[in-house]
4 protein chains.
Amino acid sequence: MAAGARSASSGSADKRRLILDAAIRVFAERGFHQCRVSDVADEAGVAYGLVYHYFRSKEEILNTLFLERWQLMLDAIAEIDRRDLPAREKLAHVAAFIVDSYRHDPNLMKVIIVEVTRSSHSFGARHLGKIREAYDGIARIVERAQREGSFRQDIPADFGALFFYGAIEQLLTGWIFGMLPTTEEEFERAKRLVVEALCSGLELTPTTGRALAR
Amino acid sequence: MAAGARSASSGSADKRRLILDAAIRVFAERGFHQCRVSDVADEAGVAYGLVYHYFRSKEEILNTLFLERWQLMLDAIAEIDRRDLPAREKLAHVAAFIVDSYRHDPNLMKVIIVEVTRSSHSFGARHLGKIREAYDGIARIVERAQREGSFRQDIPADFGALFFYGAIEQLLTGWIFGMLPTTEEEFERAKRLVVEALCSGLELTPTTGRALAR
Amino acid sequence: MAAGARSASSGSADKRRLILDAAIRVFAERGFHQCRVSDVADEAGVAYGLVYHYFRSKEEILNTLFLERWQLMLDAIAEIDRRDLPAREKLAHVAAFIVDSYRHDPNLMKVIIVEVTRSSHSFGARHLGKIREAYDGIARIVERAQREGSFRQDIPADFGALFFYGAIEQLLTGWIFGMLPTTEEEFERAKRLVVEALCSGLELTPTTGRALAR
Amino acid sequence: MAAGARSASSGSADKRRLILDAAIRVFAERGFHQCRVSDVADEAGVAYGLVYHYFRSKEEILNTLFLERWQLMLDAIAEIDRRDLPAREKLAHVAAFIVDSYRHDPNLMKVIIVEVTRSSHSFGARHLGKIREAYDGIARIVERAQREGSFRQDIPADFGALFFYGAIEQLLTGWIFGMLPTTEEEFERAKRLVVEALCSGLELTPTTGRALAR
DNA sequence: GATGAATGAGCGTTCATTCAT
DNA sequence: AATGAATGAACGCTCATTCAT
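For clarity, every value in this text was computed on a predicted model and none was experimentally measured.

Draft legend 1. Here's a closer look at the overall build of chain A. Broken down by element type, chain A carries eleven helices and zero strands. From first element to last, N terminus to C terminus, chain A shows the α and β order α-α-α-α-α-α-α-α-α-α-α. In chain A, which comprises 214 residues, the share counted as buried stands at 59%. If you take every contact in chain A between residues at least 6 apart in sequence, the share linking residues at least 24 apart comes to 67%. As displayed, chain A has an accessible area near 9,000 Å², and 51% of this comes from carbon and sulfur atoms.

Structure representation (structure tokens):
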């Protein structure tokens, strides 16, 4: 929880932070390519020359936003994996972290997902390594579960991670696009369902029959 | 199979098709926003102005590419759903159709995924309805399976569809980004695994134990 | 009267005439520069390549329209001047000819006035000689009246012609712009008033007092 | 006199003014549509983009030039009308103001007349209201003269204004087109003649006979 | 005569970035 | 640190004109 608490903070005169927070709003609202540097400056209430005092370029603003947020997630995944929990619980925590990140600062997550993660040209390509680290972090959870016998081994860990991440990203996309409702209950339900679906599958089996009863 | 056979064909003098095919290559290579209309014209070997003879704008080229291809997929999903098959088989056919589409014309799929589907600003927003239709088509398969008792009902059909589509899209993204190998075997393996994972889950159970044996 | 009877005629298959008539409507409606050659062709119901079969360029269409109509006016002015009439009557006939030309084919006159006569760049410059001939024709009427003693000599004939033509052109402009009503009565009144004003002046004098009584 | 002193001044570093003055020269020389924004920038000796720093569009430059100059004339006409003078004197002042405006900055007046006032499509239409105000200002002078008995009432004031303005505009057109000489004497003579012609008429009468003697 | 596909120069506008103050 | 004037490359789009059929 408390994911990304820093991004919306600061009543201070930290102009750099002001610019970053303004950029989140503007990039989320209109898209990175559809807005001008001056829009960010206007939103931040500073002269737009100042943007270039703090950032080398418009891109660097986005890179900064992405990296500082994404690293939190990587750290969280790693930390979760170190805990002594069943894999399913770990994945639940990962899902919760991501969903809560969106809940906490939808604009920031929207920017990261839409402008970086889902944008293979320009930014996606640049941050491929970092994005991959997230898959790897999840894959490590799966891998350990396979070694410990709780997860099946016929689905490679990296595929499992891919599917799990893909499902969650699709949830975020649904919220971002306004295709899914964004109430608190929905967030909680989604967290539960994505883990349930990915771990136990969509088919009805004796096992999932028991799962239903829980 | 044979998905979208038309898009890469034609040694004919159909200049309109020539332009569309050139656009696929150029958009895939450098991205929609990163290339100029003249790049498309050059690639097609036609004069600049001819592009505007056939298309109202650069955007219309992309819209055309998206719509003509996406509709094939929607039709395929609907057709698959009409067959008398277990839901798992249906989903396998859907996965196969999408994967084969990528295998058949990776550039076109890359353009559609990267520039339209995963691009909420500009194009994604415009084609939201069409994109949603795909989710709905898959959801209908899941729904029927729930009614018929083969799929569990505690995971709503639309979520199931979302997760399934998300997993597949993540596969495509992996191939597009060069994060996953793109051999024939990989494509086939991926088709199988995404269905297996989504239907039976990642966890090891007595049921999946049996699945392993198949 | 019956000025420019040819311009709106022809139920024949004379495509050249069809194009010219279409050009009158299109140029009048949207302006020479604001419409495309294809607009003219569409209006004429012919393929736009045909326009280039009959005319060397878009400009030549306008030149043709201007010259064929303007020459009628020059001829009319010359013919009027040859009649044995008081100068005031001659000017009245000139005014009537121009006003009736507008009444007969407002679009054509609009094109000629707006796109050629009042457009010093491009077309005005090209047809300067022809435009000047009109001034000269009127000036000749004034000049003769001065020699014969009915017109004062302290206002040079060319100035007189300029003022007279300017007043009439302003009337046309008023109609074209929709600043003056365009009823039959207004046209007749305008004919009378422009001659009266230019010949007798706006000031009230014993002479004009008598004029009132007429 | 001293009409529009601001427009051609400034050796200062006011780049906005520099651009406006350059635009006057370029628009006058080659016409609004026949010149590129870069021509204006080059003429002003500033970078291309700076034009768009100060003006929203090429059109806005022309609008600005027209409005700032035209308003001076409207103000002048209103001010002249407020003076306690015979109508003929008032009209003489109006004529003088306009002629002097041309004398002072022929390029600016050329642009205004040719590109705006005489251009019913595009700009003329946009500024119809402002153009009409000029007619109305002159008409008010005539109207008052009619009420006070010095001008005849059988020629409506608005027609009188139209003819007077038309005559003057034709003079300007003559100078602009190079059809009339542009010496100081000619300007002064034209001022006198246009008023004389419009007030007293072209015909020789006992009254105008006396006028000759003056 | 008639068609409309094909050509390509031209131009208005945008906007990231620099820099003098 | 802070400002915003100044720069200029880049690009989408228009449209008059040509030409093969």
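Draft legend 2. Representation of the interface of chain A and chain B. Listed per partner, the contact involves 60 residues of chain A and 61 residues of chain B. Approximately 5,600 Å² of surface area, both sides summed, lies buried where chain A meets chain B, with 64% of it carried by carbon and sulfur atoms. At the junction of chain A with chain B, the criterion picks out six salt bridges. In this structure, the salt-bridge partner of Glu203(A) is Arg88(B), at a minimum N-O distance of 2.9 Å. Connecting chain A to chain B are 22 residue pairs in polar contact (both at pLDDT 80 or more). For the side of chain A that touches chain B, the elements supplying multiple residues, two or more each, are helix H1 (15–30), helix H6 (106–117), helix H7 (120–126), helix H8 (128–148), helix H9 (157–177), helix H10 (184–200) and helix H11 (206–213) of chain A. Counting residues per element, the side of chain A that touches chain B draws most heavily on H9(A), at eleven residues. A class-by-class count of the residues in the side of chain A that touches chain B yields 29 nonpolar, 17 polar and 14 charged.

Draft legend 3. Looking closely at the packing of aromatic side chains. What the rule picks out here adds up to 30 aromatic pairs over all chains. Here the aromatic rings of Phe27(C) and Phe32(C) are separated by 5.1 Å at their centres, their planes lie at 70 degrees, and the arrangement is edge-to-face. Across the pair, Phe32(C) and Phe27(C) agree in class, each one buried. Where Tyr135(D) meets Tyr165(D), the ring centres are 5.3 Å apart and the plane angle is 75 degrees; that geometry is what we call edge-to-face. Placement of Tyr135(D) in helix H8 (residues 128–148) and of Tyr165(D) in helix H9 (residues 157–177) is noted, with a sequence separation of 30 residues between them. Across the pair, Tyr165(D) and Tyr135(D) agree in class, each one buried. Members of the aromatic cluster, connected to one another through ring pairs, are Tyr102(A), Trp175(A) and Phe187(A). Taking NZ or CZ as reference, Lys58(B) lies 4.5 Å from the ring centre of Phe32(B), over its face.

Draft legend 4. The arrangement of the protein's contact with DNA strand E in detail. Neighbouring DNA strand E are 30 residues; His53(B), Tyr54(B), His53(C), Arg36(D) and Tyr48(D) lie closest to it. Between a base nitrogen of DNA strand E and a side-chain N or O atom of Tyr48(C), the distance comes to 2.8 Å. In this structure, Tyr48(D) approaches DNA strand E through a side-chain N or O atom, which is 3.1 Å from a base oxygen. Contributing elements (two or more residues each) for the surface near DNA strand E: helix H3 (48–54) of chain A, helix H3 (48–54) of chain B, helix H3 (48–54) of chain C together with helix H3 (48–54) of chain D.

Draft legend 5. Broad picture of the relation of the copies chain D and chain C. Note on the identical chains: chain D maps onto chain C by a rotation of 180 degrees and an axial translation of 0.1 Å, with an RMSD of 0.2 Å. The symmetry that links the two subunits is that of a two-fold axis. Every residue of chain D has its C-alpha some distance from the rotation axis, and the shortest such distance is that of Gly201(D), at 1.8 Å.

Draft legend 6. Examining the environment of Phe66(B) more closely. Residues and elements named next belong to chain B. Within the secondary structure, Phe66 sits in helix H4 (residues 58–82). You can call Phe66 buried: its relative accessible area is 0%. Placed 64 residues apart in sequence, Phe66 and Lys130 show a C-alpha to C-alpha distance of 9.8 Å. Discounting residues that sit within four places of it in the chain, Phe66 has contacts with Ile112, Val116, Thr117, His127, Lys130 and Ile131.

Draft legend 7. Expanded view of the interface of chain D and chain C. Across the contact, 62 residues belong to chain D and 60 residues belong to chain C. Buried area between chain D and chain C, both sides added, is near 5,500 Å², and the carbon and sulfur share of it is 64%. Of all residues in chain D, the largest losses of buried area upon contact with chain C belong to His121(D), Arg152(D) and Leu202(D), amounting jointly to 15% of the total for that side. The interface formed by chain D and chain C includes six salt bridges. Salt-bridge contacts for Glu169(D) lead to Arg118(C); the nearest nitrogen and oxygen are separated by 3.3 Å. On inspection of chain D and its partner chain C, the count reaches 22 residue pairs in polar contact (both at pLDDT 80 or more). Counting residues per element, the ones that place at least two in the side of chain D that touches chain C are helix H1 (15–30), helix H6 (106–117), helix H7 (120–126), H8, H9, helix H10 (184–200) and helix H11 (206–213) of chain D.

Draft legend 8. Representation of the protein's contact with DNA strand F within the structure. Close to DNA strand F lie 30 residues, the nearest being His53(A), Arg36(B), Tyr48(B), His53(D) and Tyr54(D). A share of 66% of the atoms of DNA strand F within 4 Å of the protein falls on sugar and phosphate groups. Within the backbone of Cys35(B), a nitrogen or oxygen atom sits 3.3 Å from a phosphate oxygen of DNA strand F. Residue Arg36(B) places a side-chain N or O atom 3.4 Å away from a phosphate oxygen belonging to DNA strand F.

Draft legend 9. Quick peek at the packing of helix H9 (residues 157–177) of chain C against helix H10 (residues 184–200) of chain C. All names here are of chain C. The N-to-C vectors of H9 and H10 enclose an angle of 155 degrees; their axes lie 10 Å apart at closest approach. As summarised for this structure, H9 and H10 are arranged roughly antiparallel, according to the angle between their axes. Where H9 crosses over H10, the two elements pack in a sense that is right-handed. Residues Phe163, Phe164, Ala167, Ile168, Leu171 and Trp175 of H9 pack against Glu186, Phe187, Ala190, Val194, Val195 and Leu198 of H10. Residue composition of the contact of H9 with H10, by class: eleven nonpolar, no polar and one charged.

Draft legend 10. Up close: the side chain of Glu186(C). Turning to its location among the elements, Glu186(C) is positioned in helix H10. Judged by its relative accessible area of 11%, Glu186(C) is buried. In this structure Glu186(C) touches Trp175(C), Pro181(C) and Phe159(D), once residues within four positions along its chain are discounted.

Draft legend 11. Main features of the side chain of His127(C). All names here are of chain C. One can find His127 in the loop between helix H7 (120–126) and helix H8 (128–148). His127 gets classed as buried once you look at its relative accessible area, which sits at 6%. Of the polar contacts made by the side chain of His127, one reaches the side chain of Asn63; its length is 2.8 Å. Sequence-distant contacts of His127, defined by excluding residues within four places in its chain, comprise Asn63, Phe66, Leu67 and Val116.

Draft legend 12. Examining the packing of H1(A) against H6(A) more closely. All names here are of chain A. Two elements in contact, H1 and H6, have axes separated by 8 Å at closest approach and are oriented at 60 degrees. Classified by the interaxial angle, the pair formed by H1 and H6 is oblique. Two packed elements cross with a definite hand, and for H1 against H6 that hand is left-handed. Between H1 and H6, the residues in contact are Ile24, Arg25, Phe27 and Ala28 and Asn107, Leu108, Lys110, Val111 and Glu115, respectively. Its residues assigned to classes, the contact of H1 with H6 shows five nonpolar, one polar and three charged.

Parameters and conventions
Residues numbered from 1 in each chain as written. Chains lettered and ligands numbered in written order. Predicted model: local features only at pLDDT ≥ 70, side-chain atom pairs only at ≥ 80, totals over all residues. Heavy atoms only, no water. Helix = DSSP H or I, 4+ residues; strand = E, 2+ residues; numbered from the N terminus. Buried < 20%, exposed > 50% of the residue type's maximum accessible area, 1.4 Å probe, protein only. Contact = heavy atoms within 4.5 Å. Areas by Shrake-Rupley, 256 points an atom, 1.4 Å probe, with all protein chains shown as cover. Buried area = accessible area lost by both parts, 1.4 Å probe. Salt bridge = Lys/Arg side-chain N within 4 Å of Asp/Glu carboxyl O. Polar contact = N/O pair within 3.5 Å; in protein donor to acceptor, adjacent residues only side chain to side chain. Nonpolar A, V, L, I, M, F, W, Y, C, P; charged D, E, K, R; others polar. Phe/Tyr/Trp six-rings, centres within 6.5 Å; stacked < 30°, edge-to-face > 60°. Lys NZ or Arg CZ within 6 Å of the ring centre and 35° of its normal. Near = heavy atom within 4 Å. Least-squares fit on C-alpha atoms with pLDDT ≥ 70 in both. Axes fitted to C-alpha atoms, helices over the stretch in contact; angles between N-to-C directions. Parallel < 35°, antiparallel > 145°, perpendicular 65-115°, else oblique. Left-handed = near helix turned anticlockwise from the far one by under 90°.

This is a description of form; function is not addressed.
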